[in-house]
Amino acid sequence: MSASILAVDDSASIRVAIKIALSGAGYAVSEAVNGADGVEKAKAGSYDLIVTDLNMPVMDGLTMIEELRRSPAHMGVPIIFLTTESDAALKQRAKAAGATGWLTKPFDPEQLVKIIKKVLGR
Amino acid sequence: MSSLDAVEIFLVEARDLLEQIEQALLDLNGRLDDRDLVDTVFRGLHTLKGSGAMFGFDALAEFTHHCESAFDRVRKGEVAATSALVGAILDAQDHMRALIEDPKGDYAAASQRLLAGLNAAVSGAAPPEPGAAPQAPALQVWSIRFRLPANALVNGVNPLGLLNELRDLGECRIVADTTKIPDLEALDPTECHLGWDVTLTTDQPRSAIEDVFIFVMDDMDIVIETLDAPEAVAPEAPVVATAPSAPAAAPPPKPAAAPQEVPT
């Protein structure tokens, strides 16, 4: 069975880009439009991995990650964040919040698939 | 972030990439055997192609794909880097800039002409001389001792995935270090109490080993050291001390009361 991935981003074009890249690699992709929507969908469903933007309205990605990590059901679920800022401080904040890894935008679809395979351990 | 913002970010990064590619090409023209520069050009073209496709710059992606393929052949040692080839990519790079700045323009004829020049340059580039061919890197034995951050499992890090990635690099001998597993009463099942001691024989560089740990490298204990040549590897060499048996948060391949070897 293919792994199930939740893509959280307020940009429709980025969600589409993620969906195209990951669907092509055989993953099942669901979408959420901000952090709050991400928390709701993650708790309502069962996902093997979450890909999220950090800067989003309503609830940002850092807050979403912190909230999910407080839920025993979401401890251990890999969370990859997408960022346009490659500075170490932001990575540290996201890692401290409980993120597993990151990818800098604009990303190469092959890179995204490679990182997801890496994080899922194939 | 709106999709417009995303395209603007792409445009900024694409312009930067083109500058990096151009600089690397100019440098390469003076040092045609510099493999780092060849890699830099290839990576730049690869990223430009991927990002272009992602943000709807299809003509750019398609055109850049041809240039990337040509440079991939140089990278693999199938053709030599020549001034003609570097010149052809420099010409192509100006064309890529136009495809970025005005993607709706009619560039079919220009694309065709430039690709013909590129193909001619690739065809004229003889395979590298035997002496200049990339040598198969020598096998090196590495000792990799690592212990993940305590919260690694909660944060979605899969230790078995990391070990599998090391296995992909070469022949591995993996021993779990169970010495830090606390007594059952004190054990927090969400924390990672195991460490690993890996002896890896590989032709890959140190950076390939470090890449395995890219997301945790800053927060973990890790020591990567070279050992002797492959024939000097002692198959029975003890690596870690025996530890009392106890359940572990990150399951080793077999129940652990002693160091375990996982041959590949």
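For clarity, every value in this text was computed on a predicted model and none was experimentally measured.

Draft legend 1. A look at the layout of surface pockets. The calculated volume of the largest pocket comes to roughly 1,800 Å³. Looking at the largest pocket, it is lined by 44 residues, and the ones nearest its centre are A:Gln111, A:Lys114, B:Arg43, B:Arg75 and B:Asp211. Of all the secondary-structure elements, those providing two or more residues to the lining of the largest pocket are strand S5 (101-104) and helix H5 (109-120) of chain A together with helix H1 (3-30), helix H2 (35-54), helix H6 (159-169) and helix H7 (206-212) of chain B. Among the elements that make up the lining of the largest pocket, the one with the highest residue count is H2(B) (nine residues). Of the residues in the lining of the largest pocket, the class split is 14 nonpolar, twelve polar and 18 charged.

Draft legend 2. Seen up close, empty space enclosed by the protein. For the coordinates displayed, the defined rule picks out one cavity of 30 Å³ or more. In this structure, the largest cavity is lined by 13 residues; those nearest its centre are A:Lys118, A:Val119, B:Val157, B:Asn158 and B:Leu162. Put simply, the parts of the chain that give the lining of the largest cavity at least two residues each are H5 of chain A together with H6 of chain B. Ranked by the residues each element gives to the lining of the largest cavity, the list is headed by H6(B), at three residues. Partitioned by chemical class, the residues of the lining of the largest cavity number six nonpolar, five polar and two charged.

Draft legend 3. Just the interface of chain B and chain A, in detail. Taken together, the 32 residues of chain B in the interface contact 31 residues of chain A. For the chain B and chain A pair, buried surface summed over both sides reaches about 2,400 Å², with 55% attributable to carbon and sulfur atoms. Measuring nitrogen to oxygen at the nearest pair gives 3.0 Å for the salt bridge that ties A:Lys95 to B:Asp219. Listing elements by their share of the side of chain B that touches chain A, those giving two or more residues are H1, H2, H6 and H7 of chain B.

Draft legend 4. Spatial organisation of the environment of B:Glu68. Topologically, B:Glu68 is positioned in helix H3 (residues 58-75). The residues contacting B:Glu68, other than those within four sequence positions of it, are B:Phe42, B:Leu45, B:His46 and B:Lys49.

Draft legend 5. Summary view of unusual backbone geometry. Positive phi outside glycine occurs at A:Val58, with the angle close to 70°. The residue A:Val58 is located in the loop between strand S3 (49-53) and helix H3 (61-69) in this model.

Draft legend 6. Main features of the packing of aromatic side chains. Throughout the structure, instances matching the rule amount to four aromatic pairs over all chains. Summarising the aromatic geometry, the rings of A:Trp102 and B:Phe215 are spaced 4.8 Å apart at their centres and angled 70° between planes, so their arrangement reads as edge-to-face. In this pair, A:Trp102 sits in strand S5 while B:Phe215 sits in the loop between H7 and strand S4 (221-226), so the two residues belong to two different chains. The two residues A:Trp102 and B:Phe215 agree in class, both being buried. Taken together, the ring pairs in this structure connect A:Phe81, A:Trp102 and B:Phe215 into an aromatic cluster. Here the basic side chain of B:Arg75 rests over the ring of B:Phe42, its NZ or CZ set 3.8 Å away from the ring centre.

Draft legend 7. Highlighting the nonpolar core. Within the largest apolar cluster, 85 residues are counted, with the highest numbers of intra-cluster contacts made by A:Ile18, A:Leu22, A:Ile50, A:Ile116, B:Leu48 and B:Met96. With sequence-adjacent residues up to four places away left out, A:Ile18 is seen in contact with A:Ala7, A:Val51, A:Leu82, A:Phe107 and A:Leu112. Membership of the second largest hydrophobic core comes to 28 residues, among which are B:Leu153, B:Cys172, B:Leu187 and B:Leu194.

Draft legend 8. Broad picture of the sheet that holds strand S1 (residues 140-147) of chain B. All names here are of chain B. A sheet is described by the order of its strands in space; here four strands give the open sequence S2-S3-S1-S4, paired in antiparallel fashion. The strands lining the two open edges of the sheet, one partner per strand, are strand S2 (171-177) and S4. Put simply, the sheet's adjacent strands are angled 15° from each other on average, direction ignored. The sheet strands contacting H6 are S1, S2 and strand S3 (195-202), and the helix crosses S3 at an angle near 20°.

Draft legend 9. Region of interest: the confidence of the model for chain B. On average, residues of chain B score 80 in pLDDT, and 79% of them reach the 70 mark or higher. Low pLDDT (under 50) marks residues 232-260 of chain B, which in the prediction has 57 contacts with non-local residues, meaning those over four places away or in another chain.

Draft legend 10. Spotlight on the packing of H3(B) against helix H5 (residues 108-124) of chain B. Residues and elements named next belong to chain B. Between H3 and H5, the least distance of the axes is 11 Å, while the angle of their chain directions is 5°. When the axis of H3 is compared with that of H5, the two are roughly parallel. Contacts between H3 and H5 involve Phe63, His66, Cys67, Ala70 and Arg73 from the former and Ser111, Leu114, Leu115, Leu118 and Val122 from the latter. Here the contact of H3 with H5 is built from residues that sort into seven nonpolar, two polar and one charged.

Conventions adopted
- Residues numbered from 1 in each chain as written.
- Chains lettered and ligands numbered in written order.
- Predicted model: local features only at pLDDT ≥ 70, side-chain atom pairs only at ≥ 80, totals over all residues.
- Heavy atoms only, no water.
- 1 Å grid on protein atoms, 1.4 Å probe; cavity = no way out; pocket = protein on both sides within 12 Å on 5 of 7 lines; lining within 4 Å.
- Points joined across faces, edges and corners; volume = space filled by probe spheres on them.
- Helix = DSSP H or I, 4+ residues; strand = E, 2+ residues; numbered from the N terminus.
- Nonpolar A, V, L, I, M, F, W, Y, C, P; charged D, E, K, R; others polar.
- Contact = heavy atoms within 4.5 Å.
- Buried area = accessible area lost by both parts, 1.4 Å probe.
- Salt bridge = Lys/Arg side-chain N within 4 Å of Asp/Glu carboxyl O.
- Phe/Tyr/Trp six-rings, centres within 6.5 Å; stacked < 30°, edge-to-face > 60°.
- Buried < 20%, exposed > 50% of the residue type's maximum accessible area, 1.4 Å probe, protein only.
- Lys NZ or Arg CZ within 6 Å of the ring centre and 35° of its normal.
- Core = buried A, V, L, I, M, F, W, Y, C linked by side-chain atoms within 4.5 Å.
- Pairing = 2+ DSSP bridges.
- Axes fitted to C-alpha atoms, helices over the stretch in contact; angles between N-to-C directions.
- pLDDT = per-residue confidence, 0-100.
- Parallel < 35°, antiparallel > 145°, perpendicular 65-115°, else oblique.

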